[in-house]
Each structure stands twice: as structure tokens, then as C-alpha cells.
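Architecture at a glance
Okay, here's what each chain looks like letter by letter:
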Amino acid sequence: MTDVPAEVPKAANIHWTGWAIALGSSVAFSISTPIAKAAILLGMAPATLLVLRLLITTLLLFSTTLLTEPVRLRIDRRHLMFCILAGLANGVGMLAYFSSLTRLDSSIAAMIFSISPLVVLGLLALRGERVTPRNGARLALGLGGVYLLIGPGGQVDLSGVALVMVSVLAVPFQLVIMQWYLQAHDPRTVTLYMVTTMMAVAIGWWLAQGAEWHDPGWRGWLLVLTLAFFSTYLARLLLFLSVRKIGGGQTGLLAPLETLLTVIWSTIFLNERLTTVQWLGGLLILISAGLAVNVLGRAQRRKQT
């Protein structure tokens, strides 16, 4: 009997610690787009930036795993093939997204990309997830937000929008592969081989473009290291910890906050400005994405019970 009161605060502490870690992960992810945009404004090519980011991240992941739990480097052929397939999708998506930043403000690119949970819902429907009228309403809400963001809200480069949409389609494909075929496998091992594949995609595209190289200077290197360490390596480690403590569905609820933080950083540090109509479109997108993430979280919890 006396042990019960002591367990309640402990469980509560774990819960709030999990949310704090998840928030830290969202903050780390949220600075990715503004930092990438800042590096591109300094003259770095998107492919070069992505190669450096993923190369550093891969080295960090491999070295950390080798020093702490080398057994996690092992993976069977079947799961490795799914990791490669997911990494190919994510690599193409990231290349398209980084390329879009040469044509779009980082805040607009981030808000358009935030409709990706709606695409995940559509892909899951192909595997038997129930499609409801509410899902259609969420899709209409998100697409309406995109229209306000890129249509009457201001002059937006449609080629840049098309590049973001490639990313919107590619990255959710990677997520559903993980949910369908890699959910039971160790997430750190999966991420390690996915990021390695993404690095190979980026290097291949960089070589195909002529492997052009210019020293980015100390400012460029600082941005690259921040992008690799904080927005990729540390952000993913915090993500793993938060999923363990509060679950993937709960962690995913912070996705709209991550987008909102990206817009805030872009406004403060890159001096980007949105019209009133664009803000309204962005709000509709965030509401739609939040509702979609909530549905995905409930679907995941149903499968686990």
C-alpha cells in the first residue's frame, strides 16, 4: 500500500519527461528548413548541402552505434532492402525539398510540406485503413490552405511548389514502408541504413550534376554542422527517446508545432513575410495536418492493442 503513492509521481515524471524530449526533438527539426535556406542564400548548391549534411550524420550514427551497441549494426537482408527502399524515397524527397528552397521562402515550403500526413492517410487506405468523410474534409481543408498560400495569397513560384509536392509524395511513402514492414525492427538500425541510403542518393545526384565544389566558408560550415548535428543526428535521437516514453502517436501530435516554429524562425532570422491571406492558408494547413496526425496516432494505437 505504501508503495503506490511513490509510483504515481514517478509515472507522471516519465510522462512529462517524454513530452519535454519530444518538444526538444520538434525544436531541433524545426530549425532545419531555415538553416538550409540560409546556407543556400550564401551560395551553397542544394545537392552539395545535402551531401555534407547526410555524410556527417551517417558518420555520427555509425560511430555512435559502433561505440555503444555494435550489435545494432546487424540487419537481415529482407529488412535491409526495405530500409534501402525507404531511404531512396526519402532521399528523392529531400533533394526535391532542398531544391525548392532556391525558389520559395522557407516558411512557405514548410507549410506546404506539412500536408504530408494527409498523403500518409491516403496511402494507408490502400492497405485497408477505413476512409471516412472526415478524412475527405481534412484533405479539402489542407488543399484549401495550400490554395490560399500559393494562389491569391501572393506570387509564389509554381516550380518551387511542384518540387515541394514531390517531397510531399515521396517522404510519406517512406513512412508507410516503415509502418508496414519495419515497425517491429529496431528504429536506430532502420534509421542508420535509411540515412546511409539517403546519403548515396544525394551523392549520386551531386555527381550527376558535375560534382561542383566551392568552399562554403566558416559561415557555411557552421550552418552545415548545425544542420547535421542538431537538426538530423540529435533530433532523431530525441525522437527515438520520446517515442519510447510517450509513444509515436503522441509524439506525432507535435508536427504542426514544428511547422509553426519553422515559420517563426524564418520570420525572425530570414526576414520572411507572409500576407494575411497566406497566414490564413497556413493556419488551415496546420489544422488539417494536426487532425490527420491525430487520426494516424489512433490507428497506430489500435494496431498495438
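Residues numbered from 1 in each chain as written. Predicted model: local features only at pLDDT ≥ 70, side-chain atom pairs only at ≥ 80, totals over all residues. Heavy atoms only, no water.

Okay, the overall build of the chain next. A count of helices and strands for the chain gives 13 helices and zero strands. Along the chain, helices (α) and strands (β) appear in the sequence α-α-α-α-α-α-α-α-α-α-α-α-α when read from the amino end. Counting across all 305 residues of the chain, residues that qualify as buried make up 47%. Restricting the contact set of the chain to residue pairs at least 6 apart, pairs at least 24 apart contribute 89%. (Helix = DSSP H or I, 4+ residues; strand = E, 2+ residues; numbered from the N terminus. Buried < 20%, exposed > 50% of the residue type's maximum accessible area, 1.4 Å probe, protein only. Contact = heavy atoms within 4.5 Å.)

On to the pattern of salt bridges, then. Under the criterion given, the structure shown has three salt bridges. Salt-bridge contacts for Arg 72 lead to Glu 69; the nearest nitrogen and oxygen are separated by 3.1 Å. On the basis of relative accessibility, which here comes to 29%, the residue Glu 69 falls in the partly exposed class. Between Asp 157 and Arg 103 there is a salt bridge, with its nearest N and O atoms 3.4 Å apart. Highlighted residues: Asp 157 in the loop between α7 (133–150) and α8 (158–181) and Arg 103 in the loop between α4 (77–100) and α5 (106–113), separated in sequence by 54 residues. Judged by relative accessible area, Arg 103 falls into the partly exposed class, the value being 45%. Among the ionic contacts, a cluster of salt bridges with common partners joins Glu 69, Arg 72 and Arg 188. (Salt bridge = Lys/Arg side-chain N within 4 Å of Asp/Glu carboxyl O.)

Residues Leu 23, Val 27, Leu 257, Leu 260, Ile 264, Ile 268, Phe 269 and Trp 279 make up a contiguous nonpolar surface patch of about 700 Å² in total accessible area. For the nonpolar patch, the secondary structure elements donating two or more residues are α1 (3–30) and α12 (255–269). Per-element tally for the nonpolar patch: the top contributor is α12, with five residues. The topology assignment puts Ile 264 in helix α12. (Patch = residues over 30% accessible without salt bridge, like charges linked within 9 Å, V, L, I, M, F, W, Y side chains within 5 Å. Areas by Shrake-Rupley, 256 points an atom, 1.4 Å probe, with all protein chains shown as cover.)

The subject of this paragraph is the confidence of the model for the chain. Across the chain, the average pLDDT comes to 80, with 78% of residues at 70 or higher. The least confident element of the chain is helix α11 (residues 248–252), whose mean pLDDT is 58; the most confident is helix α2 (residues 32–41), at 94. Note on residues 1–9: pLDDT under 50 across the span, and zero contacts to partners over four residues away in sequence or across chains. (pLDDT = per-residue confidence, 0-100.)

Another aspect to go through is unusual backbone geometry. Here Ala 211, not a glycine, exhibits a phi torsion of approximately 50°, which is positive. As for its position among the elements, Ala 211 is in the loop between α9 (187–208) and α10 (217–246). For Ala 211, a relative accessible area of 28% gives the class partly exposed. In this structure, Asn 271 takes a positive phi of about 60° despite not being glycine.

Another aspect to go through is the nonpolar core. The biggest cluster of nonpolar side chains holds 57 residues, and the ones touching the most others in it are Leu 49 and Phe 98. Each residue touching Leu 49, except ones within four places of it in the same chain, is listed here: Ala 36, Ala 39, Ile 40, Met 44, Phe 98, Val 224 and Leu 227. (Core = buried A, V, L, I, M, F, W, Y, C linked by side-chain atoms within 4.5 Å.)

With that out of the way, let us pick up the side chain of Ser 100. Positionally, Ser 100 belongs in helix α4. Excluding residues that lie within four positions of it along the chain, Ser 100 makes contacts with Ala 109, Gly 160, Leu 163 and Val 164.

If you walk through the whole model with that rule in mind, you get seven aromatic pairs. Judged by centre distance (6.1 Å) and plane angle (55°), the ring pair of Trp 213 and Trp 221 falls under tilted. Note on Trp 221: relative accessible area 31%, which makes it partly exposed. Ring pairing ties together the aromatic residues Phe 229, Phe 230 and Tyr 233, which thus form one cluster. (Phe/Tyr/Trp six-rings, centres within 6.5 Å; stacked < 30°, edge-to-face > 60°.)

Residue position: Pro 34 is located in helix α2. Taking the C-alpha atoms as reference, Pro 34 lies 8.9 Å from Asp 105; in sequence the two are 71 residues apart. If we skip the residues at most four places from it in the chain, Pro 34 touches Ser 106, Thr 262, Trp 265, Ser 266 and Leu 270.

Turning our attention to the environment of Ile 264. The exposure class of Ile 264 is partly exposed, given its relative accessible area of 32%. Along the backbone, Ile 264 and Ser 30 are 234 residues apart, and their C-alpha atoms lie at a distance of 9.4 Å.

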